[in-house]
Amino acid sequence: MCVITDRTSADMAALQTRLHSQCMLCGAEHPQGLRLAFNTHADGHVEATFPCQRLYQGYTGYLHGGVIAALLDSAMTNCLFAHGHATLTGELNVRFLKPVIISRSAVVSARLAESLPPLFHMEADLRQGKEIMARATAKFVEANWADVRLMEKPATQEPCRRPAAFDTTGDMPATMT
């Protein structure tokens, strides 16, 4: 059961909007992004569901390992947002336990293992059903966001658009097959 506290929900939303709106994994304003929606639980961990579309496969039928690593990293970042911390990944260690199957949704979750500001030790996993398919540990460092204007979208920035060659089924462009 997902229980969101007003404080963690507000912290996460504020940091996502201010610093992370163009993130390709969880950014609400990224036109080609995955727009992962992380839910914060009472114990402080976060979770999001990912549909594992064929567009993101590596070997036939399996989710690309780089996508798995990015999902785990994104979950840990959002967990730190929920705890009110804007951080950068300093170290990421991923253990691939089983192949992640395409066309089966997966749940990615993350938790704060140890807080030693400005250093944070994180843990994450990606599951399909009840099976853990991949695990990650990471060290994040709290960033100095004194010059936030560098992180803001310039007024003249043109939005990114999805290439016309991509269709809605998630297949590769015709020119690449």
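Just above, that's the structure.
Calculation rules
- Residues numbered from 1 in each chain as written.
- Predicted model: local features only at pLDDT ≥ 70, side-chain atom pairs only at ≥ 80, totals over all residues.
- Heavy atoms only, no water.
- Helix = DSSP H or I, 4+ residues; strand = E, 2+ residues; numbered from the N terminus.
- Expected span 1.5 Å × (residues − 1).
- Buried < 20%, exposed > 50% of the residue type's maximum accessible area, 1.4 Å probe, protein only.
- Pairing = 2+ DSSP bridges.

Draft legend 1. Structural view of helix α2 (residues 65-82). In a regular helix each residue adds 1.5 Å, so 18 residues correspond to 26 Å; α2 covers 26 Å between its end C-alpha atoms and thus fits that length. When you tally the buried positions in α2, you get 14 out of 18 residues, the bulk of the element. At the C-terminal side of α2, Gly84 shows a positive phi close to 85°.

Draft legend 2. Fine view of the pairing of strand β6 (residues 131-142). Examined bridge by bridge, strand β3 (residues 87-96) and β6 share nine bridges and lie antiparallel to one another. Paired with Thr89 across the bridge in β6 is Phe140. As paired strands, strand β5 (residues 119-128) and β6 are joined by ten bridges and run antiparallel to one another. Bridged to Asp125 within β6 is Arg135. Hairpin remark: β5 followed by β6, antiparallel, with two residues in the connecting loop; positive phi at Gly129, about 65°.

Draft legend 3. Inspection of the environment of Leu88 at higher detail. Tracing the sequence through the fold places Leu88 in strand β3. By relative accessible area, Leu88 is classed as partly exposed at 48%. The sequence separation of Leu88 and Asn144 amounts to 56 residues, and the corresponding C-alpha distance is 9.9 Å.

Draft legend 4. Examining the pairing of strand β4 (residues 106-116) more closely. Where strand β2 (residues 46-50) lies against β4, five bridges are found, and the strand directions are antiparallel. In the sheet register, Val46 faces β4, and the bridge partner there is Ala110. Strand direction decides the pairing type here: β4 and β5, joined by nine bridges, are antiparallel. Across the sheet, the residue bridging to Glu114 is His121, located in β5.

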